[in-house]
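Commentary on secondary and tertiary structure
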Amino acid sequence: MRTTFIETLLDLAEHDERIWLLCGDLGYSVLERFAERFPGRFVNVGVAEQSMTGVAAGLALCGKIVFTYSIANFPIMRCLEQIRNDVCYHNLNVKIVAVGGGLAYGSAGYTHHAVEDLAVMRAMPNMTVVAPGDPTEVRLATQALAEDPGPCYLRLGKGGERKIHTEDPHLRLGEAIWLRRGSSVTFISTGAILAESSQAVEQLTGMGISTGLISMHTVKPLDVEAVLEAARNSALIVTVEEHSRFGGLYEAVAGVLASAAPTKARLLPLASASPLSQDAGSQTYLRIRNGLDADGLVDLVLNAFWEGLDDQN
Amino acid sequence: MADLLAVLYSSELRVDPAQPTWADRDRFILSKGHGTAILYAVLAERGFFPAAWLDDYAQDGSPLLGHASHHVPGVELSTGSLGHGLPVGCGMALAGKREGRPYRVFVLLSDGELDEGSNWEAILFAPQHELDNLVAIVDYNKIQSFGTVKEVLDLDPLADKWRAFRWAVREIDGHDHAQIEAALAAVPFEPGKPSVVIAHTVKGKGVSFMENQLAWHYKSPNAEQLAQALAELEAGR
């Protein structure tokens, strides 16, 4: 995803001289090409995220489109007040890019796990929050947010994510992408966990359970219509996010359902239930531990159905 | 601080109230956003907005918030939380520097504000990028929100700290208009380096019962105190 991002940004910067890239001393083997191609529009600010974000705001106030780049929580939490006061309050054209969303930096431990980022960024005024599901969505989302004049947060996975879309979907910020429709279950997935969601949907479909899949690449503003449509048409809604259950996709969807006319759909939360993992582990291992792998998702849905049947009996 | 802003806006800053967003204007950021009453007064005096607005300062429905607000014509950056102005000023100066534009960026900081680590990130950044179009001004009145600077986090030796970070430094009496004007007219003090003016000031200068009193960081004068303060300031002109 990070490679797709930088390739897309290089292409955009070729055609738009307003595009700058700042990094907080991270991006080895990813950002060099931008730095070499556009030295006048690249700054390694140093290990100094507050300065990076403030400088980005200053550049944006002079008409630039500024991307700030670092890993996991670093570009958002250390400098959260700069994002709130300098970027969001002034509604500036600053794009915050975090590589390694969710548990991508698995073995690096909790300090490097971005599992509260969606909640924190959702709370910021004027902020658009985007978590693309696969490399194709990364390319389209990067293009879309470069055209959006306001603050955006772009949560990327890391490297090696497989493509889920076989052809380019129509991607507009704030509009969900339906990959499949189903009458029993609808998965609403955000971010790079789309690969696991997609696999789980395949498995459930193979079992004869009609299962839909939405890639909710934009968490804010949320596509309310897509959520309501899922609630009208399926009995069970499952939100999938590599994130704490607090303040992320689950609560965003729950908020829509709570304020909507009553629907029959049940909402099941799925999230990295215990982000404070103490043992080392790859992203794959940690996803399994948290029930966020495809098999875990399938089991959760099957259990929910059994419970549902029990209720009816 | 009133003296610093009076000189800045009357003789140094290249700004045009008729075109507050003119691309090559000098930028001024009041990083100590709580001092905004003075900034508003100076901006009104320069004609950025009607002086009548000042009558409703910080009152219900007034555009003049109790901290600097970018919704007010002439205010470049909303501030209030400390430690934000200098990094943003660095960004503005960097854009100007890399594009060869003529404008300068002035950032006014408080002494207590220098406790914030974000400033020191920016103080490292500016000389690295040779931002000689950036001028920091420290209002060094030696009192911060809940005690003296010496008691809370001593900044001494302040000029040496900036020098060690590769800034060009001048220390002045921050109430002496001739000294302020001479310093500001001489920026950049050294080509290729950012400049800092350490302005030694007295909190509440010119009003006998306010000078060096922490309480007046918070209090507003009543009518009688206001009359006395104005009389003392007039007498001192």
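Residues numbered from 1 in each chain as written. Chains lettered and ligands numbered in written order. Predicted model: local features only at pLDDT ≥ 70, side-chain atom pairs only at ≥ 80, totals over all residues. Heavy atoms only, no water.

On a plain count of helices and strands, chain A comes out with eleven helices and twelve strands. What you see for chain A is a C-alpha radius of gyration of 19 Å, in line with the 20 Å of a compact globule of 313 residues. Taken along its principal axes, the extent of the C-alpha atoms in chain A is 70 × 40 × 35 Å. By the burial criterion, 61% of the 313 residues in chain A qualify as buried. The contacts in chain A between residues at least 6 apart in sequence include a share of 78% that link residues at least 24 apart. Each charge class in chain A was averaged separately, 25 positive and 36 negative side chains, and the resulting centres sit 3 Å apart. (Helix = DSSP H or I, 4+ residues; strand = E, 2+ residues; numbered from the N terminus. Rg over C-alpha atoms; globule rule 2.2 N^0.38 Å. Buried < 20%, exposed > 50% of the residue type's maximum accessible area, 1.4 Å probe, protein only. Contact = heavy atoms within 4.5 Å. Lys, Arg positive; Asp, Glu negative; His and termini not counted. Charge placed at Lys NZ, Arg CZ, Asp CG, Glu CD.)

A residue-level look at chain B finds 100% of positions with pLDDT of 70 or above and a mean pLDDT of 97. Taken together, the chains of this predicted complex give a pTM of 0.96 and an interface ipTM of 0.96. (pLDDT = per-residue confidence, 0-100.)

All right, on to the packing of helix H8 (residues 224-233) of chain A against helix H9 (residues 249-259) of chain A then. Residues and elements named next belong to chain A. Closest axis-to-axis distance for the H8/H9 pair is 10 Å, and the angle between their directions is 70°. Accordingly, the angle class assigned to the pair H8 and H9 is roughly perpendicular. Here H8 and H9 pass one another in a crossing that is right-handed. Contacts between H8 and H9 involve Val224, Val227, Leu228 and Ala231 from the first element and Val253, Val256 and Leu257 from the second. Split into classes, the residues belonging to the contact of H8 with H9 amount to seven nonpolar, no polar and no charged. (Axes fitted to C-alpha atoms, helices over the stretch in contact; angles between N-to-C directions. Parallel < 35°, antiparallel > 145°, perpendicular 65-115°, else oblique. Left-handed = near helix turned anticlockwise from the far one by under 90°. Nonpolar A, V, L, I, M, F, W, Y, C, P; charged D, E, K, R; others polar.)

Turning next to the interface of chain B and chain A. Chain B puts 26 residues into the contact, and the matching count from chain A is 25 residues. Summing both partners gives a buried area of about 1900 Å² for chain B against chain A, and 60% of it is carried by carbon and sulfur. Area buried by chain B at its contact with chain A is led by His84, Arg98 and Glu121 of chain B, which between them contribute 28% of it. The salt bridge involving lysine 64 of chain A is made with glutamate 99 of chain B; its shortest N-O contact spans 2.4 Å. On inspection of chain B and its partner chain A, the count reaches twelve residue pairs in polar contact (both at pLDDT 80 or more). Residue assignment for the side of chain B that touches chain A shows that the elements contributing at least two residues are helix H3 (85-98) and helix H4 (117-128) of chain B. Grouping the amino acids of the side of chain B that touches chain A by side-chain chemistry returns eleven nonpolar, ten polar and five charged. (Buried area = accessible area lost by both parts, 1.4 Å probe. Salt bridge = Lys/Arg side-chain N within 4 Å of Asp/Glu carboxyl O. Polar contact = N/O pair within 3.5 Å; in protein donor to acceptor, adjacent residues only side chain to side chain.)

Another point: the packing of aromatic side chains. Within the structure shown, the criterion is met by eleven aromatic pairs over all chains. Between the aromatic rings of tyrosine 9 of chain B and phenylalanine 28 of chain B, the centroid separation amounts to 5.7 Å while the plane-to-plane angle is 80°, which identifies the pairing as edge-to-face. On the criterion of sequence distance, the pair formed by tyrosine 9 of chain B in helix H1 (residues 2-12) and phenylalanine 28 of chain B in strand E1 (residues 27-30) is long-range, its members being 19 residues apart. Here the two residues tyrosine 9 of chain B and phenylalanine 28 of chain B agree in accessibility, since each one is buried. Taken together, the ring pairs in this structure connect Tyr40, Phe49, Trp53 and Tyr57 of chain B into an aromatic cluster. It is lysine 158 of chain A that lies over the ring of tyrosine 105 of chain A; its NZ or CZ is 4.4 Å from the centre. (Phe/Tyr/Trp six-rings, centres within 6.5 Å; stacked < 30°, edge-to-face > 60°. Lys NZ or Arg CZ within 6 Å of the ring centre and 35° of its normal.)

The next point concerns the sheet that holds strand E6 (residues 152-155) of chain A. Residue and element names in this part refer to chain A. The seven strands lie next to each other as E2-E1-E3-E4-E6-E5-E10, forming an open sheet whose pairing is mixed. In the strand order of this sheet, the two ends are held by strand E2 (42-44) and strand E10 (218-220), each with one partner. Across the sheet, the mean angle separating the axes of adjacent strands is 20° when strand polarity is ignored. The sheet contact formed by strand E5 (residues 128-130) and E10 spans two bridges and is antiparallel. Residue pairing for E10: valine 130 is matched across the bridge by threonine 218. (Pairing = 2+ DSSP bridges.)

Residues and elements named next belong to chain A. Relative to the helices and strands, valine 99 resides in strand E4 (residues 94-99). For valine 99, a relative accessible area of 1% translates into the label buried. Spatially, the C-alpha atoms of valine 99 and phenylalanine 5 are 9.7 Å apart, while their sequence positions differ by 94 residues. In contact with valine 99, other than residues within four places in its own chain, are Arg2, Tyr69, Ser70, Ile71, Ala72, Tyr105, Leu156, Gly157 and Lys158.

Let us now look at the nonpolar core. In terms of nonpolar packing, the biggest core is built from 63 residues, with Leu22 of chain A together with Leu86, Leu134 and Trp162 of chain B touching the most fellow members. Residue contacts for leucine 22 of chain A: discarding those within four places in its chain leaves Val43, Val45, Met52, Val55, Ala56, Leu59, Val66, Phe67, Thr68 and Tyr69 of chain A. Leu9, Ile19, Phe38 and Tyr69 of chain A belong to the second-largest nonpolar core, a separate cluster that totals 35 residues. (Core = buried A, V, L, I, M, F, W, Y, C linked by side-chain atoms within 4.5 Å.)

In this section: the pattern of salt bridges. Residue and element names in this part refer to chain A. Applying the stated criterion across every chain, the model contains 21 salt bridges over all chains. One salt bridge connects arginine 287 with glutamate 242, and the closest N-O pair in it is separated by 2.9 Å. Here glutamate 242 lies in the loop between strand E11 (236-241) and H9 and arginine 287 lies in helix H10 (residues 283-289), a separation of 45 residues in the sequence. For arginine 287, a relative accessible area of 8% corresponds to the buried category. Ionic contacts of the salt-bridge type, sharing partners, join the residues Glu196, Glu242 and Arg287 into one network.

A few words now on the packing of H1 of chain B against helix H7 (residues 177-185) of chain B. Residue and element names in this part refer to chain B. Between H1 and H7, the shortest axis-to-axis distance is 10 Å and the interhelical angle comes to 55°. Compared by their axis directions, H1 and H7 come out oblique. Helix-helix and strand crossings are classified by hand; for H1 and H7 the assignment is right-handed. On H7, the residues that touch Asp3, Leu4, Ala6, Val7, Leu8, Ser11 and Glu12 of H1 are His177, Ile180, Glu181, Leu184 and Ala185. Along the lines of polarity and charge, the residues of the contact of H1 with H7 split into seven nonpolar, two polar and three charged.

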